[in-house]
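Coordinate inspection notes
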Amino acid sequence: MHDMADSIAFPSGFGCHVANIGVKDDTDDFVVIVTSAPNPAAGVFTKSRFAGPSVTISREHLVDRRARGIVIVSKNANVANGDDGRRDAEELLDIVADRLGGTADELLVASTGVIGRRYPMETIRSGAAETPSAPEGTDAVAAARGIMTTDTVPKVAERTIGAGPARVVGIAKGVGMIEPDMATMIAVVTTDADVDAGDLDAMFRRVVDRTFNCVSVDSDTSTSDTAVILTSGTAGPVDASEFEAALEGVCLDLTKMIARDGEGAQTLIEVRVAGARDAGQAKRVAKAIVNSPLVKTAVHGADPNWGRVAMAIGKCSDDTDIDQDRVAISFGETEIYPTRVDESELERLAGYMSGDEVVITADLGIADGTATVWGCDLTDGYIRINADYTT
């Protein structure tokens, strides 16, 4: 993970504006990332029935698979505020579009923070009006810091596409209320590669399904989950498979950063399911394991209690082809069911589970479907953060 002091530049053709406009406190809370004109773009959003206007507006603005940039407000989600919330989000985009010399429908919007409170519109109006007409910032770390809420570190990842010069740079935020039913939290991926809009959309959906869709901190699907990719095209065309590999690398890095930084988390949990009927079943079982409060607390307590993993697999009761006599469970490299281990091995496993990364593997012994998902342990810190969140 990048040290806080590191600066990582956005790809060529992008400019960003990061500011504190006073949404909640004196930390940065307003980020604009733009290119000079609308280019191919794609996005995936929460399936929540309580989705906020930032999600519904961005969805509408991406129908033509093009966008010029995104405006992100942190510390306020602008969710469940009815028509007022919709009008507030539209006014925000109108102000920024006016400053940039374009139209609001070229811009996406994302918002994160407390649900059910309206934007402080006087603050938003005056802050948004100070957006430069041509943002010249290039620091992705500063942008990542500007979208944080309860995150403890800014999340930035980068890859060069093939031999270059085209690059992919992504930023993300999210540590709680994360069980993406598509993407997760907020992620903005940028590239200077010139990619066809249809190809970009298909590729981004595939990659999101293997990365952001495989992270869960607490099984709570957010009302604001947004993942978008923006292009500037300034580095020219690239090889499609090299582009997808770079894109997946960036999204996977961000996925693991989110899981590792789960609210109060001390341990990254990676759950691998093999031998499933198909990938869908593998992912379902893996999510059941990583989302189990009893599995998460066992990991937190460094307790190699495989019975809790067996319980979580067993909960997938609609999957009637799962047979306990064919299942194998491992912690790290050590099979712990059906193989029985002695006390000294249990002690060694407890040592393994006290590390900052724990891998749990379940082989269902049915066919060759696989999936890997990421999550984190459940600590008293998570409870404290979320018990005290709005007050």
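Cut-offs used in this document
Residues numbered from 1 in each chain as written. Predicted model: local features only at pLDDT ≥ 70, side-chain atom pairs only at ≥ 80, totals over all residues. Heavy atoms only, no water. Pairing = 2+ DSSP bridges. Helix = DSSP H or I, 4+ residues; strand = E, 2+ residues; numbered from the N terminus. Axes fitted to C-alpha atoms, helices over the stretch in contact; angles between N-to-C directions. Contact = heavy atoms within 4.5 Å. Buried < 20%, exposed > 50% of the residue type's maximum accessible area, 1.4 Å probe, protein only. Expected span 1.5 Å × (residues − 1). Salt bridge = Lys/Arg side-chain N within 4 Å of Asp/Glu carboxyl O. Core = buried A, V, L, I, M, F, W, Y, C linked by side-chain atoms within 4.5 Å. pLDDT = per-residue confidence, 0-100.

This next bit is on the sheet that holds strand β13 (residues 369–376). Strand order in the open sheet formed by 5 strands is β11-β10-β12-β9-β13, with mixed pairing between adjacent strands. Each having just a single partner strand, β11 (334–337) and β13 make up the two edges of the open sheet. If you compare each strand with its neighbour and ignore which way they point, the axes differ by 20° on average. Sheet topology places strand β10 (residues 328–331) next to β11; 3 bridges connect them, and they run antiparallel. Bridge pairing in β11 places Ser330 opposite Glu335. Packing of helix α7 (residues 279–290) onto the sheet brings it into contact with β9 (268–276), β12 (357–363) and β13, and relative to β13 it is tilted by some 25°.

Moving on: the environment of Gly69. Residue placement: Gly69 occurs in strand β3 (residues 66–76). You can call Gly69 buried: its relative accessible area is 0%. Each C-alpha atom, one on Gly69 and one on Phe14, is 8.9 Å from the other, the two residues being 55 residues apart in sequence. Not counting the four nearest positions on each side in its chain, Gly69 is found in contact with Ile33, Val34, Glu106, Leu107, Leu108 and Leu230.

Attention now goes to the pairing of β12. A regular strand carries its side chains on alternate faces of the sheet. Pairing analysis gives 7 bridges linking β9 to β12, with the strands arranged parallel. From the neighbouring strand, Leu268 faces β12, where its bridge partner is Glu357. Strand direction decides the pairing type here: β10 and β12, joined by 4 bridges, are antiparallel. Looking at the pairing, Ile329 lines up with Ala362 of β12.

Attention now goes to helix α2 (residues 82–100). End to end, α2 covers 28 Å across 19 residues, agreeing with the expected 27 Å (1.5 Å per residue, within 8%). For α2, every residue scored as buried is listed here: Gly85, Asp88, Ala89, Leu92, Leu93, Ile95, Val96, Ala97 and Leu100. Along its buried surface, α2 packs onto β2 (30–45), α1 (53–61), β3, β4 (107–114) and α3 (121–128). Looking at the residues trailing α2, positive phi occurs at Gly101, about 80°.

Let us now look at the pattern of salt bridges. A complete count under the given rule lists 21 salt bridges for this structure. In this structure, the salt-bridge partner of Arg205 is Asp201, at a minimum N-O distance of 3.1 Å. Here Arg205 and its partner Asp201 are both found in helix α5 (residues 197–210), 4 residues apart, which amounts to about one turn of the helix. Residue class for Asp201 comes out buried when judged on its relative accessible area of 11%. Measuring nitrogen to oxygen at the nearest pair gives 2.6 Å for the salt bridge that ties Glu270 to Arg272. Exposure remark for Arg272: the relative accessible area of 37% places this residue in the partly exposed category. One continuous salt-bridge network, built from bridges that share partners, spans Arg277, Asp278, Arg284, Asp319 and Asp321.

Another aspect to go through is the nonpolar core. Phe243, Val273, Ile289, Ile313 and Ile360 are the most contacted members of the largest nonpolar core, which totals 63 residues. Among the elements that make up this core, the one with the highest residue count is helix α6 (residues 240–260) (9 residues). Those residues in contact with Ile313 that sit more than four places away from it in its chain are Val285, Ile289, Ile322, Val327, Ile329, Ala362 and Leu364. Membership of the second largest hydrophobic core comes to 27 residues, among which are Ile8, Ile33, Leu62 and Val141.

Summarising the sheet, β2 and strand β8 (residues 226–237) pair through 5 bridges and their orientation is antiparallel. Residue pairing in the sheet places Gly43 in a bridge with Val228 of β8.

With that settled, consider the confidence of the model for the protein. Averaged over all residues, the pLDDT of the protein equals 89, while 92% of them reach at least 70. Looking across the protein, the model is least confident in helix α11 (residues 380–387), with a mean pLDDT of 76, and most confident in strand β1 (residues 15–19), with 97. Every residue in residues 1–5 is under pLDDT 50, and counting partners more than four places away or in other chains gives 10 contacts. Note on residues 177–184: pLDDT under 50 across the span, and 54 contacts to partners over four residues away in sequence or across chains.

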